[in-house]
Amino acid sequence: MRKQELRPGGEAGQGHAASSPAEQVKALVDLLAGKGSQGSQAPQPLNRTPECPLKPHGNDLRIQRHWEALLSRTGGGPELGSPSPRLTSLLLVEGLTDLQLREHDFTQVEATRGGWCSAKTIALDRLFLPLSRVSIPPRISITIGVAGVGKTTLVRNFVHLWARGQVGKDFSLVLPLTFRDLNTHEKLSADRLLRSVFPHAGEAGLASAALSKALLVLDGLDECKTPLDFSNTVACTDPKKEIQVDHLITNIIRGNLFPEVSVWITSRPGAAGQIPGGLVDRMTEIRGFSEEEIKTCLEQMFPEDPVLTGWVLSQVQADRALYLMCTVPAFCRLAGAALGHLHRHRPGPPDAELWPPRTLCELYSWYFRMALGGEGQEKAKASPRIEQLAHSGRKLVGTLGRLAFHGLIRKKYVFYEPDLKVLGVDLALLQTALCSRFLQREETLASVAAYCFTHLSLQEFVAAAYYCSASKRAIFDLFTEGGVSWPRLGFLTHFRSAAQRAMQAEDGRLDIFLRFLSGLLSPRVNALLAGSLLTQGEHQGYRAQVAELLQGCLRPDVAVCARAVNVLHCLRELQHTELARSVEGAVASGGLARLTSPPHRAALAYLLQVSDVCAPEAPLPLRLGPGVLQSLLPQLLYCQSLRLDTNQLQDPVMDLLGSVLSGKDCRIQRLSLAENQISNKGAKALARSLLVNRSLTTLDLRSNSIGPRGAKALADALKINRTLASLSLQSNRIRDDGARCMAEALAANRILCVLHLQKNSIGPVGTQQMADALKQNRSLKELMFSSNSIGDGGAKALAEALMVNQGLKSLDLQSNSISDPGVAALMGALCTNQTLLSLNLRENSISPEGAQDLARALRTNSTLKSLDLTANLLHDQGAQAIAEAVRENRALTSLHLQWNFIQAGAAKALGQALQLNTSLTSLDLQENAIGDEGASALASALKVNTALTALYLQVASIGAPGAQALGEALAVNRTLEILEHPRSPEGVPGSPLSCHWT
């Protein structure tokens, strides 16, 4: 998209209104064409308020008429006055992705799991306002959305709210047009275009304030009958010159005509790609339904029957593929209508296996049965008989099917009377209630009737039904229009032709058509439509051959493309799911390594979209070779969470993965590459992708070999990256040099929250540099620094940082050769630090002397909640000092003292502390020789303590007397939930203990 220029210091005004009607029109056209006078002061926008939306302003009665006309056109229903939240807050996007440009709308929803990745939104009332103080309002704005997501509803809402003075208050005129209106003209001038939508322009006395600013709305670019060609369109600046409609729109967008007018275009994503990105100032996208909105939509469909609503919702949720598609509002309503009909007319025992629907074709077959049954028509009429249904169904397919099929292959989705006559469509049949279920009629501004299918998918379903029927008798290629083709005899030959056409279509426009065509061969669909649309058992003999033909389309290409994934969808529609089930079983059992053929790869890509086993919310432990992974990368980029641990992946694969992470389409949020063979070259490839990636939040590279140079590359990327929040470089031998680079990144980065650097041979020098960075950094919350060699020098450096840092919440210094001097420094910092919540000092060399410093800190600190001192050298003396501090501490909730040579004396002190402490919930004294005496002291504490929920006493030299004492305490205590202890007490009635007597 093009960058907007800075706002100029002033805006030129316009001259006074002309006196005669002709001059009035010329003044308006000149203004919109940018030819207004520059001498007078710019008029202020009209003062329209919600309280009095249609109040005349001066002499602007013509504008009032325009408002009234717009309110009349948009309707006055309450739903327009209060649009849903998803239509009042649009997603701000930076351009179209490859997926949006190249794939079918359904494929876009399936590949992205019905999710929208943009985090930036813009309110409807700010849609045409500057984003900052130094920018200007957008001139060309595009709103995209898949078919059925609500683009036209959004426009109607905006126009309705504008006419009521609630949005777009800077616009004096809003001129809404649809491409259905524009398609009725072969040639059109800018002047005539203006008159068509604002007929009051020619009336005398129009106030000049009404001409100050205008918004031209062009709804439905994907329905334009002629594609826009910006390369070969001749420039036109004359607003009175009649030119082709597509040339007129192109010149308006370029600014050759109406340069002062703001233009808002709505479109499906693929068609929006016709407009060069350099001409677009702002692009927004309408998101689909959330889970809660799907539920609300179904509740609104059946407001008086919550049981029916619950049943429909459960059926939608039972199939992941259908549930994803219900994020599209039009599909959700269609599915709700079909399932509601199914529930009301539940099949008897002979048809019990037919429901509920689990594929697209089954769902649309139920919708077809509903339409034939006349649900929603007058209840007084008798139900149609079987013979009538069969006749109506075949007549409908014969009438609308040819229209749907030929429109599909021509990319034509709106039809006019000449189109209907060419294809022999009976206009009288279009007026029936049956046809209205599939085709809707709309009057254009020129009073010409326009027809379109109620949803794109219905056009594809009817087209597939027509093709299925016509292929029985056609002897030439049905895809060839008016030309000579080789004879094609038999259904299988025609199906092969359709499959080949679908696989060759770069934009995927025949994908869903092929799914429906495959689904019409399934036994369940045949049983559903037998007698009304299909003949009982029709084409069933071809089912196995069609399955083999479809699998033959899965050639050993370099990468698994969307067409290949669609073949798996077709096999599912055909109820031939053996291939997908075999791969799903291999995923569950960890046996993917042996499934490497092209069909298996395509099946895995398909399962990544629709299978609960391969759900994108859970890590996917793939065990794939580099070649298989390379072919899957184009599909893996749509996973939210991807786990590729232990795959022997090397640097060349990182180059490929880096290119995927760099793409606009990338949706990967969590990526684990642990335990592979990645060196600094692979790390550099990933680092390059982090410079542009805007989706990845978690990256796990533990147990590789990136070294200091790989760490430097990643650190340089972190200085720029604004999304990565968690990075693990555990066991990567980055050493002090790598730590220095990461420290430099922390000084600049404000996003990273979690950093794991354990087992990296980092010494005091690298630790000092990390500590210096922590004095500046406020975003890092968790630092894992265990199993390095920081020593007391590194501990002192980190202590100095903790006295300044107010962001770090968790610090892990396990196994770092820290002794008493280092602990003394850290505890001195804890006396002032008010943010650290967890400190791990296990497996160091803390003696009773160091424990004194720990005790002093615990008496002062009021924020630390977890302290791990496992495997140190505290002995009784040190543990007693800590126990004395616990008596006073009111913050600590977890204390680990395992394997510290603690005996009964310290256990007694801890018991006394527990009688007073009200915050500690977990105490670990495993592998300490506290004996029966110590256990009895703790048991006495448990009789009065009401805070402790977990007590660990394994390998603590406790005999029968100690166990008995603990059992008696449990008869009184009602809060302890976990007690790990080598002896289970007997005969302790009423114990609330639920688990873990070991």
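Note that this is a predicted model, so its numbers are computed, not measured. (Residues numbered from 1 in each chain as written. Predicted model: local features only at pLDDT ≥ 70, side-chain atom pairs only at ≥ 80, totals over all residues. Heavy atoms only, no water.)

**Focus: the packing of helix α27 (residues 598-610) against helix α28 (residues 626-636)**
Argument step 1. α28 packs onto α27 with a crossing angle of 35° between their chain directions and a minimal axis gap of 10 Å. Viewed along their axes, α27 and α28 form a crossing whose handedness is right-handed. Listed contacts from α28 to R601, L604, A605, L608 and Q609 of α27 are G627, V628, S631, L632, Q635 and L636.
Argument step 2. Per-class residue counts for the contact of α27 with α28 are six nonpolar, four polar and one charged. (Axes fitted to C-alpha atoms, helices over the stretch in contact; angles between N-to-C directions. Helix = DSSP H or I, 4+ residues; strand = E, 2+ residues; numbered from the N terminus. Left-handed = near helix turned anticlockwise from the far one by under 90°. Contact = heavy atoms within 4.5 Å. Nonpolar A, V, L, I, M, F, W, Y, C, P; charged D, E, K, R; others polar.)

**What to know about helix α26 (residues 578-589)**
Argument step 1. Its twelve residues place the ends of α26 17 Å apart at the C-alpha level, agreeing with the 16 Å of an ideal helix rising 1.5 Å per residue.
Argument step 2. In this fold, the buried residues of α26 make contact with α24 (543-552), α25 (562-573) and α27.
Argument step 3. With its phi angle positive at about 75°, G590 sits one or two positions after the end of α26. (Expected span 1.5 Å × (residues − 1).)

**Topic: the nonpolar core**
Argument step 1. Core analysis: the largest hydrophobic core is formed by 269 residues, its most contacted members being F331, F513 and L673.
Argument step 2. Sequence-distant contacts of F331, that is, excluding residues within four places in its chain, are made with F106, L322, M325, C326, L360, L363 and Y364.
Argument step 3. Core analysis: the second largest hydrophobic core is formed by 40 residues, L177, F198, L228 and V245 among them. (Core = buried A, V, L, I, M, F, W, Y, C linked by side-chain atoms within 4.5 Å. Buried < 20%, exposed > 50% of the residue type's maximum accessible area, 1.4 Å probe, protein only.)

**Focus on the packing of aromatic side chains**
Argument step 1. Summed over all chains, the structure comprises 22 aromatic pairs.
Argument step 2. The interplanar angle of 40° and the centroid separation of 5.9 Å between the aromatic rings of Y364 and F461 together place this pair among those described as tilted. Taken together, the positions of Y364 in helix α16 (residues 360-373) and F461 in helix α20 (residues 456-470) put the pair 97 residues apart, joining distant regions of the chain. Summarising the burial analysis for this pair, Y364 and F461 share the class buried.
Argument step 3. For the ring pair F405 and F479, a centre distance of 5.2 Å and an interplane angle of 70° mean the geometry is edge-to-face. Here F405 is found in helix α17 (residues 386-409), whereas its partner F479 is found in the loop between α20 and α21 (491-504), with 74 residues between them in sequence. (Phe/Tyr/Trp six-rings, centres within 6.5 Å; stacked < 30°, edge-to-face > 60°.)

**Details of the sheet that holds strand β2 (residues 121-123)**
Argument step 1. Read from one edge of the open sheet, seven strands run β2-β1-β9-β3-β8-β6-β4, paired in mixed fashion. The outermost strands of the open sheet, each flanked by one partner alone, are β2 and β4 (173-178). Looking at each pair of strands side by side, their axes are set apart by 25° on average, direction ignored.
Argument step 2. Where strand β3 (residues 140-144) lies against strand β9 (residues 282-285), four bridges are found, and the strand directions are parallel. Among the inter-strand pairings, S141 is bridged to a residue of β9, identified as R282.
Argument step 3. In the packing of helix α9 (residues 190-197) onto the sheet, the strands contacted are β4 and β6 (214-219), and the crossing angle to β4 comes to about 100°. (Pairing = 2+ DSSP bridges.)

**Observations regarding the packing of α24 against α25**
Argument step 1. Packing of α24 against α25 leaves a shortest axis separation of 9 Å and a crossing angle of 170°. Put simply, α24 runs roughly antiparallel to α25. Counted together, A547, L550 and Q551 of α24 and V567, C570 and L571 of α25 form the full contact between these two elements.
Argument step 2. Here the contact of α24 with α25 is built from residues that sort into five nonpolar, one polar and no charged. (Parallel < 35°, antiparallel > 145°, perpendicular 65-115°, else oblique.)

**So, the environment of R86**
Argument step 1. Within the fold, R86 resides in helix α4 (residues 85-88).
Argument step 2. By relative accessible area, which is 5% here, R86 ends up buried.
Argument step 3. Spatially, the C-alpha atoms of R86 and I286 are 7.1 Å apart, while their sequence positions differ by 200 residues.
Argument step 4. Other than its neighbours up to four places away in sequence, R86 contacts V149, G150, I286, R287, G288, F289, E293 and P329.
Argument step 5. Polar contacts involving the side chain of R86 include one to the main-chain carbonyl oxygen of V149, which spans 2.8 Å.
Argument step 6. Of the polar contacts made by the side chain of R86, one reaches the backbone oxygen of R287; its length is 3.0 Å. (Polar contact = N/O pair within 3.5 Å; in protein donor to acceptor, adjacent residues only side chain to side chain.)

**Re the environment of L774**
Argument step 1. Position of L774 among the secondary structure elements: in helix α33 (residues 764-774).
Argument step 2. Since its relative accessible area comes to 3%, L774 is described here as buried.
Argument step 3. Considering only alpha carbons, one finds L774 and L798, 24 residues apart in sequence, at a separation of 8.3 Å.
Argument step 4. Excluding its chain neighbours within four sequence positions, the residues that come into contact with L774 are L780, L783, L798, A801 and N805.

**Side note on the side chain of D853**
Argument step 1. Checked against the element boundaries, D853 lands in helix α36 (residues 848-860).
Argument step 2. Beyond its immediate chain neighbours, meaning those up to four positions away, D853 contacts A824 and M827.

**Describing the pairing of strand β12 (residues 449-453)**
Looking down a regular strand, the side chains alternate between one sheet face and the other.
Argument step 1. For β12, a buried count of five out of five residues is recorded, marking the element as mostly surrounded by other parts of the structure.
Argument step 2. Here five bridges tie strand β11 (residues 439-443) to β12, and the two strands are oriented antiparallel to one another. When the bridges of β12 are listed, L439 appears paired with F453.
Argument step 3. Where β11 folds back on β12, the antiparallel hairpin that results is connected by five residues, among which S447 adopts a positive phi of roughly 60°.

**Considering the pattern of salt bridges**
Any two side chains of opposite charge can pair, given that their charged atoms come close.
Argument step 1. Using the criterion set out here, one finds 34 salt bridges in the structure.
Argument step 2. In this structure, E103 and R563 form a salt bridge, with 2.2 Å as the shortest nitrogen-oxygen distance. Of the two residues, E103 is situated in the loop between α5 (98-102) and α6 (105-111) and R563 in helix α25; the sequence distance between them amounts to 460 residues. The same class applies to E103 as to R563, namely buried.
Argument step 3. R441 serves as the salt-bridge partner of E443, at 3.0 Å between the closest nitrogen and oxygen.
Argument step 4. Overall, the relative accessible area of 42% leaves E443 in the partly exposed class. (Salt bridge = Lys/Arg side-chain N within 4 Å of Asp/Glu carboxyl O.)

**Digging into the confidence of the model for the protein**
Argument step 1. Per-chain confidence: the protein averages 85 in pLDDT, with 83% of residues scoring 70 or above.
Argument step 2. This model gives residues 5-22 a pLDDT under 50, and the stretch forms 37 contacts once residues within four places in sequence are excluded.
Argument step 3. Under a pLDDT of 50 for its full length, residues 31-59 has, in the predicted model, 74 contacts with residues more than four places off or in other chains. (pLDDT = per-residue confidence, 0-100.)

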